[in-house]
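Remarks on the overall topology
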Amino acid sequence: QVQLVESGGGLVQPGGSLRLSCGASGRTFSSYAMGWFRQAPGKEREFVAAISWSGGITPYADSVKGRFTISRDNAKNTVYLQLNSLKPEDTAVYYCAARRTSVVGTTTNQYDYWGQGTQVTVST
């Protein structure tokens with residue numbers, strides 16, 4: 001069993017930055033692929049970014065490519081999402097997810113464990 005806890009969300013102005021963190025319990029974290037998803041009010045949960053166990057494969061949604069960066073520190077059992085050049089349409093609850101395989105996934109049904117989410121609000 002893996003427990004995930006996100007942090008780092010908040011209110012930021014357009015053009016600003018945030019860094020989200022996701023801490024994971026369990027000794028098998030380094031062998032799992034990890035992902036970030038987000039869900040805006042009234043919308044489906046959508047893929048944002050993912051990272052393989054080694055960090056060598058990092059797919060991104062087109063809407064965030066070039067602005068967001070995913071990374072991981074296996075020694076700290078933590079995955080990060082750096083959000084730059086934020087836009088109002090990035091406002092959502094951001095969720096961290098873990099997949100019981102080293103291969104990255106880009107859909108919600110590919111992930112086995114989920115965090116509780118952290119709110120990101122981009123507004124003046």
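My aim in this report is to walk through the structure given alongside it, one point at a time. This one's a predicted model, so the numbers in the text were calculated from it and none came from an experiment. (Residues numbered from 1 in each chain as written. Predicted model: local features only at pLDDT ≥ 70, side-chain atom pairs only at ≥ 80, totals over all residues. Heavy atoms only, no water.)

Turning our eyes to something else, we now look at the overall build of the protein. Helix and strand counts for the protein come out as 0 helices and 10 strands. In the protein, the succession of helices and strands from N to C terminus is β-β-β-β-β-β-β-β-β-β. Over its C-alpha trace the protein gives a radius of gyration of 13 Å, about what one expects of a compact globule, namely 14 Å for 124 residues. Viewed in the frame of its principal axes, the protein has a C-alpha envelope of about 40 × 25 × 25 Å. (Helix = DSSP H or I, 4+ residues; strand = E, 2+ residues; numbered from the N terminus. Rg over C-alpha atoms; globule rule 2.2 N^0.38 Å.)

With that settled, the discussion passes to the pairing of strand E6 (residues 68-73). The alternating pattern of E6 places Phe-68, Ile-70 and Arg-72 on a buried face and Thr-69, Ser-71 and Asp-73 on a face that is not buried. Here E6 runs beside strand E7 (residues 78-83); their pairing, made up of 6 bridges, is antiparallel. Bridging from a neighbouring strand, Thr-69 pairs with Gln-82 of E7. Adjacent in sequence and paired antiparallel, E6 and E7 are bridged by 4 residues, among which Asn-77 carries a positive phi angle near 50 degrees. (Buried < 20%, exposed > 50% of the residue type's maximum accessible area, 1.4 Å probe, protein only. Pairing = 2+ DSSP bridges.)

Let us look at the state of the cysteines. For the structure shown, the criterion picks out 1 disulfide. Between the sulfur atoms of Cys-22 and its disulfide partner Cys-96 the distance amounts to 2.1 Å. Taking the sign of the S-S torsion, about -75 degrees here, the bridge from Cys-22 to Cys-96 comes out left-handed. With Cys-22 in strand E3 (residues 18-24) and Cys-96 in strand E8 (residues 92-99), this pair connects stretches of sequence that are 74 residues apart. (Disulfide = S-S within 2.5 Å.)

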